[in-house]
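The residues making up each chain are set out below.
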Amino acid sequence: QQQVKQSPQSLIVQKGGISIINCAYENTAFDYFPWYQQFPGKGPALLIAIRPDVSEKKEGRFTISFNKSAKQFSLHIMDSQPGDSATYFCAARMVGNKFYFGSGTKLNVKP
Amino acid sequence: SQTIHQWPATLVQPVGSPLSLECTVEGTSNPNLYWYRQAAGRGLQLLFYSVGIGQISSEVPQNLSASRPQDRQFILSSKKLLLSDSGFYLCAWSVGGFNEQFFGPGTRLTVL
């Protein structure tokens, strides 16, 4: 049973556009929701994260929107750039520091 | 500052051969340590999780095992590799009381 469901599997966006990736979860015991960015052949790197008592967090061009009642959260990349082309993973943390990851979204930003 | 090392970076092994992948963390004490596997084009599958020396939780029954002989050392092993063990293996760490989890550079394993 997949604890965190992520969509879409792949995404093509024009340079300057907005990239939106969505995730959903069922377990209300999750207490921390990070997003990771992974380039080919590299380990994932923490991009931005949010706690469930906050509805939105923005860092530069990256924004997380969090809907606690719907148990959904999403990553928005504003003014998408070719350098943003990577695979993005959402994740959720259980108390005790066990993390569950979505299946990933491969983003391709066209120049 | 904290750093995490994994080796080897790439590995090609025949079916039925043993496996040993090593992960070490520097600059922190008593970290939580994790092994993940990422199949081609897929997400991250948690394999093992450790909160301390000798304490290992297995998430997925399979052909692999893990050990933590020292506080900052985490080893992934297999006695006999299967074709299905091919993938990108990632070690990660976190510290209790803090939210972030940090990943190593990964090991690309190909079983032929």
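So, how was this worked out
Residues numbered from 1 in each chain as written. Chains lettered and ligands numbered in written order. Predicted model: local features only at pLDDT ≥ 70, side-chain atom pairs only at ≥ 80, totals over all residues. Heavy atoms only, no water. Helix = DSSP H or I, 4+ residues; strand = E, 2+ residues; numbered from the N terminus. Rg over C-alpha atoms; globule rule 2.2 N^0.38 Å. Buried < 20%, exposed > 50% of the residue type's maximum accessible area, 1.4 Å probe, protein only. Contact = heavy atoms within 4.5 Å. Lys, Arg positive; Asp, Glu negative; His and termini not counted. Charge placed at Lys NZ, Arg CZ, Asp CG, Glu CD. Buried area = accessible area lost by both parts, 1.4 Å probe. Salt bridge = Lys/Arg side-chain N within 4 Å of Asp/Glu carboxyl O. Core = buried A, V, L, I, M, F, W, Y, C linked by side-chain atoms within 4.5 Å. Phe/Tyr/Trp six-rings, centres within 6.5 Å; stacked < 30°, edge-to-face > 60°. Pairing = 2+ DSSP bridges. Axes fitted to C-alpha atoms, helices over the stretch in contact; angles between N-to-C directions.

Q: I tried to follow the overall build of chain B on my own but got confused; where do I start?
A: Scanning chain B for helices and strands turns up zero helices and 11 strands. Helices and strands appear in chain B in the N-to-C order β-β-β-β-β-β-β-β-β-β-β. Against the 2.2 N^0.38 benchmark of 13 Å for 112 residues, chain B shows a C-alpha radius of gyration of 13 Å, consistent with a compact globule. If one aligns the C-alpha atoms of chain B with their principal axes, the spans along those axes are about 40 × 25 × 20 Å. Scored against the burial criterion, the 112 residues of chain B give a buried share of 48%. Here the contacts in chain B between residues at least 6 apart in sequence split such that 55% fall between residues at least 24 apart. Positive and negative side-chain charges of chain B, numbering 7 and 6 respectively, have mean locations separated by a distance of 10 Å.

Q: Is there a simple way to think about the side chain of serine 19 of chain A in this case?
A: Within the secondary structure, serine 19 of chain A sits in strand β3 (residues 19-25). Here serine 19 of chain A falls in the buried class, since its relative accessible area comes to 0%.

Q: How do you make sense of the interface of chain B and chain A when you look at a structure like this?
A: Interface extent is often summarised as the accessible area lost during association of the parts. At the junction of the two partners, chain B supplies 22 residues and chain A supplies 19 residues. Buried area between chain B and chain A, both sides added, is near 1600 Å², and the carbon and sulfur share of it is 50%. At the boundary of chain B with chain A, the tally comes to one salt bridge. In this structure, glutamate 59 of chain B and lysine 98 of chain A form a salt bridge, with 3.0 Å as the shortest nitrogen-oxygen distance. Of all the elements in the fold, those that place two or more residues in the side of chain B that touches chain A are β4 (32-38), β5 (44-52), β9 (87-94) and β10 (101-103) of chain B.

Q: What is the right way to look at the nonpolar core in this model?
A: Burial of nonpolar side chains together is a common tendency in soluble globular proteins. Counting residues in hydrophobic clusters, the biggest one holds 26 residues, and the most contacted among them are Phe30, Phe33, Trp35, Phe73, Leu75 and Tyr88 of chain A. Secondary-structure elements contributing two or more residues to this core are β2 (10-14), β3, β4 (33-38), β5 (45-50), β7 (62-67), β8 (72-77), β9 (86-94) and β11 (105-110) of chain A. No other element matches the five residues that β9 of chain A contributes to this core. Formed by 21 residues, the second largest nonpolar core is a distinct cluster that contains Leu64, Ala66, Leu76 and Leu109 of chain B.

Q: Can you walk me through the packing of aromatic side chains in this structure?
A: How two aromatic rings sit relative to each other is set out by the distance from centre to centre and by the angle between their planes. Summed over all chains, the structure comprises 20 aromatic pairs over all chains. Ring geometry for phenylalanine 101 of chain A and tyrosine 36 of chain B: centres 5.3 Å apart, planes at 85°, overall edge-to-face. With phenylalanine 101 of chain A in strand β10 (residues 98-101) and tyrosine 36 of chain B in strand β4, this pair bridges two chains. The two residues phenylalanine 101 of chain A and tyrosine 36 of chain B agree in class, both being buried. Here the aromatic rings of tyrosine 36 of chain B and phenylalanine 103 of chain B are separated by 5.5 Å at their centres, their planes lie at 45°, and the arrangement is tilted. Here the residue tyrosine 36 of chain B occupies a position in strand β4, and phenylalanine 103 of chain B occupies one in strand β10, the gap between them amounting to 67 residues. Accessibility expressed as a relative area gives 10% for phenylalanine 103 of chain B, which makes it buried. Site record: aromatic cluster; members linked through ring pairs are Tyr25, Phe30, Phe33, Trp35, Phe66, Phe73 and Tyr100 of chain A.

Q: Sorry if this is basic, but what is going on with the pattern of salt bridges here?
A: Pairs can form between side chains of opposite charge whenever their charged atoms are close. Going through the model one piece at a time under the given rule, you end up with seven salt bridges over all chains. A salt bridge links glutamate 59 of chain A to lysine 57 of chain A; its shortest N-O distance comes to 3.6 Å. We note a salt bridge from arginine 68 of chain B to aspartate 71 of chain B, for which the minimum N-O separation is 3.3 Å. Its relative accessible area of 22% is what places aspartate 71 of chain B among the partly exposed residues.

Q: Mind showing me how you'd approach the sheet that holds strand β1 (residues 3-7) of chain B here?
A: Each strand in a sheet pairs with another by means of backbone hydrogen bonds, the pair being arranged parallel or else antiparallel. All names here are of chain B. One open sheet holds the four strands; their spatial order is β1-β3-β8-β7, and the pairing between them is antiparallel. The sheet is open, and its two edges are formed by β1 and β7 (65-70), each paired on a single side. Averaged over all pairs of adjacent strands, the angle between their axes in this sheet comes to 20°, without regard to strand direction. Alignment of β7 against strand β8 (residues 73-78), held across four bridges, turns out to be antiparallel. Bridging from a neighbouring strand, serine 65 pairs with serine 77 of β8.

Q: What should I look at first to understand the sheet that holds strand β6 (residues 56-59) of chain A in this one?
A: All names here are of chain A. Taking strand neighbours across the sheet as the criterion, the five strands line up as β1-β3-β8-β7-β6 in an open arrangement whose pairing is antiparallel. This sheet does not close on itself; its edge strands, each paired only once, are β1 (4-7) and β6. On average, each strand axis in the sheet is tilted by 15° relative to the strand beside it, whichever way the strands run.

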